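Tertiary structure, described
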Amino acid sequence: TRKAGPASKANSWQPLKGAQVVSNVPGLSFKTLADQSTLATGSNPDKVVIIAKAPLDQGIWTALRLDALRHESMTDGGIARSDSGNFVLTSFEVYLQREGGPRTKLTLKNPQATFEQGHYGIASSLDGNPETGWAVYEGRKIDRDHAALFQFSSPLEAETGDQLEIVLKHESRHPKHFLGRFKLSVSKDLNPSLQIKGSQIDTLLSLAPDQRTPKQTADLLSHLKITDPEVKAVDTTIKSLESRLAN
């Protein structure tokens, strides 16, 4: 087995370019924006499966990133055209299509997210259950972007002509909760991360709590949930209690 190539700089993600995006719903269209994100337009179905196919550059890749991004055309400038601007990603599947070869499903591991809504954790997008999924509602208008990453179970050695097919299913009981704008990226980092760069964290920590904007506070909390064991433990306990109350 070949080892992954040298780790690139921290937080180095390469957007998948030239993606062809379709869905299983007539009238739902997609267009690529200047930042390589995809914007959904047209019909607004209750449930939908979105399929993105993109060429994968030659090299050894370790992880895939999904950015859930706000847009003015979404509810209250959120991420979806649902009642709250929230989404529920019930399934995230990735396939490798090798030129002249079979379509192979790739195994993913170590899912992470910048934020998870109660029992709607990112790991639920891999469990095959349409009643679960990843969501990001915080009890208010969706006022910030979110992201998730998935590592390949083993480094993926891409050859010339390879394509990735990403299947994003939104099949929850909550109508119209599908990603309205998203971006897909890949990484060669041995330890891929969603963390904010150190210089940004230092700036946020240097501010008094009452001087931080709501977005800065949320970004700092998201960072600490990933990097600080004590904060992560408290967050896990809260999610467990929320899940018990929901049941």
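Residues numbered from 1 in each chain as written. Predicted model: local features only at pLDDT ≥ 70, side-chain atom pairs only at ≥ 80, totals over all residues. Heavy atoms only, no water.

**Things to note about the nonpolar core**
Counting residues in each nonpolar core, the largest one holds 43 residues, and the members touching the most others are Phe-92 and Leu-164. The set of elements that each furnish at least two residues to this core consists of β3 (28-32), β5 (48-55), β6 (59-68), β7 (91-97), β9 (108-113), β10 (146-158), β11 (163-170) and β12 (181-187). In terms of residue count, β10 provides more of this core than any other element does, five residues in total. Trp-13, Ala-63, Ala-147 and Leu-149 belong to the second-largest nonpolar core, a separate cluster that totals five residues. (Core = buried A, V, L, I, M, F, W, Y, C linked by side-chain atoms within 4.5 Å. Buried < 20%, exposed > 50% of the residue type's maximum accessible area, 1.4 Å probe, protein only. Helix = DSSP H or I, 4+ residues; strand = E, 2+ residues; numbered from the N terminus.)

**Let's talk about the confidence of the model for the protein chain**
A residue-level look at the protein chain finds 87% of positions with pLDDT of 70 or above and a mean pLDDT of 88. Scored below 50 in pLDDT, residues 1-11 makes 23 contacts in the model with residues more than four places away or belonging to other chains. (pLDDT = per-residue confidence, 0-100. Contact = heavy atoms within 4.5 Å.)

**Some points on the packing of aromatic side chains**
By the definition in use, this model includes two aromatic pairs. With a centroid separation of 5.1 Å and an interplanar angle of 80 degrees, the aromatic rings of Phe-87 and Trp-134 are classed as edge-to-face. Here Trp-134 lies in the loop between β9 and β10 and Phe-87 lies in the loop between β6 and β7, a separation of 47 residues in the sequence. The burial state of Phe-87 is the same as that of Trp-134; both residues are buried. Each ring, one from Phe-92 and one from Phe-150, has its centre 4.2 Å from the other, and the planes form 10 degrees; the classification is stacked. (Phe/Tyr/Trp six-rings, centres within 6.5 Å; stacked < 30°, edge-to-face > 60°.)

**What about the pairing of β11?**
Counting buried positions along β11 gives six out of eight residues, so the element sits mostly inside the fold. By the bridge criterion, seven bridges tie β7 to β11 in an arrangement that is antiparallel. When the sheet's bridge partners are listed, Glu-93 is paired in β11 with Val-167. (Pairing = 2+ DSSP bridges.)

**Considering the sheet that holds β5**
The five strands lie next to each other as β2-β5-β11-β7-β8, forming an open sheet whose pairing is antiparallel. The open sheet is flanked by β2 (20-23) and β8 (103-105), the only strands paired with a single partner. The average undirected angle you get between the axes of adjacent strands in this sheet is 20 degrees. When β2 meets β5, the two strands line up antiparallel, connected through four bridges. Its bridge partner lying in β5, Val-21 is registered against Ala-52. (Axes fitted to C-alpha atoms, helices over the stretch in contact; angles between N-to-C directions.)

**Describing unusual backbone geometry**
Its identity as a non-glycine residue notwithstanding, Asp-76 has a phi of 50 degrees, on the positive side. Along the chain, the position of Asp-76 falls in the loop between β6 and β7. Here Asn-110, not a glycine, exhibits a phi torsion of approximately 50 degrees, which is positive. Tracing the chain through its elements places Asn-110 in strand β9.

**Looking at the pattern of salt bridges**
Per the counting criterion, the structure on display carries eleven salt bridges. A salt bridge links Glu-138 to Arg-144; its shortest N-O distance comes to 3.0 Å. Residue Arg-144 is classed as buried on the basis of its relative accessible area, which comes to 4%. Among the salt bridges present, the one from Asp-143 reaches Arg-140, with a minimum N-O distance of 2.9 Å. The class of Asp-143 is partly exposed, set by a relative accessible area of 26%. We classify Arg-140 as partly exposed; its relative accessible area is 33%. Linked by salt bridges that have partners in common, Glu-138, Arg-140, Asp-143 and Arg-144 make up one network. (Salt bridge = Lys/Arg side-chain N within 4 Å of Asp/Glu carboxyl O.)

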